[in-house]
Amino acid sequence: MNADRIMALSRAGVAVEVVEETGSTNADLLARAPRLTAPVLLVAEHQTAGRGRAGRSWLSEPGHSLTFSLAWRFAGGLRGLAGLPLAIGVALAETLGRLGQSVQLKWPNDVLKDGDKLAGILVETQVAADGAAWTIVGIGVNLVMPDALEDRIGRSAAAMPWLARMGRDELMATLLDGLAEALALFARDGFAAFVARWNTLHAWQGRPVVLLDRGEVQHEGLAAGVDDTGRLLLDTAAGRVTIVAGDVSLRTKD
Ligand SMILES: O=C(O)CCCC[C@@H]1SC[C@@H]2NC(=O)N[C@@H]21
């Protein structure tokens, strides 16, 4: 990918860097966070140690995915950032939707296509000396999903080969604009500006689900969307429970 071209195509005014290979774009930007003065987008053609949520890895092969991170500063610090990963999911899903790719969201912030994972989001934060928070918004999108990679991941996964028609620089610029717009809106209005949009995109709304905590079933019920801080609402036999994203994972029962 070409950093200058992405910047020229984007309206976001964010500095763009492209590297051939790195361990993890999230790890790179987190390490640089104390010295950053303005937003940066770091795109890697290939990651050798991609990080996923809850300590998992993000596996990809060269040329088969988009892997990038955007460093963004929130002057108000960590307060109110709980719903940010979900807001990023909305921005990503809506941008893909505008490009003609119909996708849905799985709590807390996976992007699904036809029920399989198309993209993952990992938001990591670091508090600066002045109390502001640097958030590193890391996104991996499967462009091609070879059988061998699916075998390594251990489940089926979605991809979006239609990208070949659009071009990677243009797609990257479009995603960057959608993310920058969402981050600015989140800074102003918080997750309130995204909650209805998230619930509209919710893949498992009203469906029976199981919530697992480190492999152990914690709750079973009907998924009822998220509240205005991004917590999952689950209607169980014992009533409605509210779940905070952490190490928990969600499965459908049907
Ligand atoms: O679904 C998940 O568990 C989140 C996956 C996030 C992967 C992206 S790829 C770019 C950025 N750098 C990383 O190391 N991880 C994120």
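The shown structure was predicted, so the numbers you read here are calculated from the model rather than taken from an experiment.

## A closer look at the overall build of the chain
Okay, step 1: Regarding its fold elements, the chain presents seven helices and twelve strands.
Okay, step 2: Taking 2.2 N^0.38 as the reference for a compact globule, 254 residues should give roughly 18 Å; the C-alpha atoms of the chain span a radius of gyration of 18 Å, in line with that estimate.
Okay, step 3: Viewed in the frame of its principal axes, the chain has a C-alpha envelope of about 55 × 45 × 30 Å.
Okay, step 4: For the chain, long-range pairs separated by at least 24 residues make up 64% of all intrachain contacts whose partners lie at least 6 apart in sequence.
Okay, step 5: Summed over all atoms, the accessible surface of the chain reaches about 11,400 Å², with 49% contributed by carbon and sulfur.
Okay, step 6: Taken as two groups, the 25 positive and 29 negative side-chain charges of the chain have centres that lie 3 Å from each other.

## Here we look at the site of the ligand
Okay, step 1: Close to the ligand lie 20 residues, the nearest being Ser-24, Gln-47, Arg-51, Arg-53 and Lys-117.
Okay, step 2: A distance of 2.7 Å separates an oxygen atom of the ligand from a polar atom in the backbone of Arg-53.
Okay, step 3: Lys-117 is positioned with one of its side-chain polar atoms (N or O) 2.5 Å from an oxygen atom of the ligand.
Okay, step 4: Mapped by element, the contributors of at least two residues to the shell around the ligand are α2 (25-32), β3 (65-74), β6 (116-127) and β7 (133-142).
Okay, step 5: Among the elements that make up the shell around the ligand, the one with the highest residue count is β6 (four residues).

## Section: the environment of Ala-245
Okay, step 1: For Ala-245, the location among the structural elements is in the loop between β11 (239-243) and β12 (248-252).
Okay, step 2: Given the relative accessible area of 40%, Ala-245 is considered partly exposed.
Okay, step 3: Between the C-alpha atom of Ala-245 and that of Ala-82, which follows or precedes it by 163 residues, the distance is 8.9 Å.
Okay, step 4: The contacts of Ala-245, once residues within four sequence positions are left out, are Trp-107 and Pro-108.

## Some details on helix α3 (residues 84-98)
Okay, step 1: Here α3 is 15 residues long and its end C-alpha atoms lie 21 Å apart, about the 21 Å a rise of 1.5 Å per residue gives.
Okay, step 2: Summarising burial for α3: twelve of the 15 residues are buried, a large majority.
Okay, step 3: Gly-100 sits one or two residues past α3 and shows a positive phi near 95°.

## Thoughts on the pattern of salt bridges
Okay, step 1: Applying the stated rule across the entire model yields 13 salt bridges.
Okay, step 2: Asp-177 is the salt-bridge partner of Arg-11, the closest N and O atoms lying 3.7 Å from each other. Pair noted here: Arg-11 is in the loop between α1 (3-9) and β1 (15-22) and Asp-177 is in helix α6 (residues 168-189), with a separation of 166 residues, a long-range link.
Okay, step 3: Using a relative accessible area of 69% as the deciding quantity, one classes Arg-11 as exposed.
Okay, step 4: A relative accessible area of 10% places Asp-177 in the buried class.
Okay, step 5: Between Arg-197 and Glu-94 there is a salt bridge whose closest N-O contact spans 2.7 Å. Taken together, the residues span a long stretch of sequence, with Arg-197 in helix α7 (residues 195-201) and Glu-94 in helix α3 at a distance of 103 residues.
Okay, step 6: On the basis of relative accessible area, Arg-197 is assigned to the partly exposed category, the value being 28%.
Okay, step 7: For Glu-94, a relative accessible area of 23% gives the class partly exposed.
Okay, step 8: Connected via shared salt-bridge partners are Lys-106, Asp-110 and Lys-117.

## Here's the deal with the domain arrangement of the chain
Okay, step 1: In terms of domains, the chain is made up of domain 1 (3-200) and domain 2 (204-252).
Okay, step 2: Taking the mean C-alpha position of each, domain 1 and domain 2 sit 24 Å from one another.
Okay, step 3: On the side of domain 2, 19 residues touch domain 1, which itself brings 14 residues to the contact.
Okay, step 4: For the pair domain 1 and domain 2, the summed buried surface comes to about 1,200 Å²; carbon and sulfur atoms form 64% of the total.

Quick notes on the rules
Residues numbered from 1 in each chain as written. Predicted model: local features only at pLDDT ≥ 70, side-chain atom pairs only at ≥ 80, totals over all residues. Heavy atoms only, no water. Helix = DSSP H or I, 4+ residues; strand = E, 2+ residues; numbered from the N terminus. Rg over C-alpha atoms; globule rule 2.2 N^0.38 Å. Contact = heavy atoms within 4.5 Å. Areas by Shrake-Rupley, 256 points an atom, 1.4 Å probe, with all protein chains shown as cover. Lys, Arg positive; Asp, Glu negative; His and termini not counted. Charge placed at Lys NZ, Arg CZ, Asp CG, Glu CD. Near = heavy atom within 4 Å. Polar contact = N/O pair within 3.5 Å; in protein donor to acceptor, adjacent residues only side chain to side chain. Buried < 20%, exposed > 50% of the residue type's maximum accessible area, 1.4 Å probe, protein only. Expected span 1.5 Å × (residues − 1). Salt bridge = Lys/Arg side-chain N within 4 Å of Asp/Glu carboxyl O. Domains from an automatic or database assignment. Buried area = accessible area lost by both parts, 1.4 Å probe.

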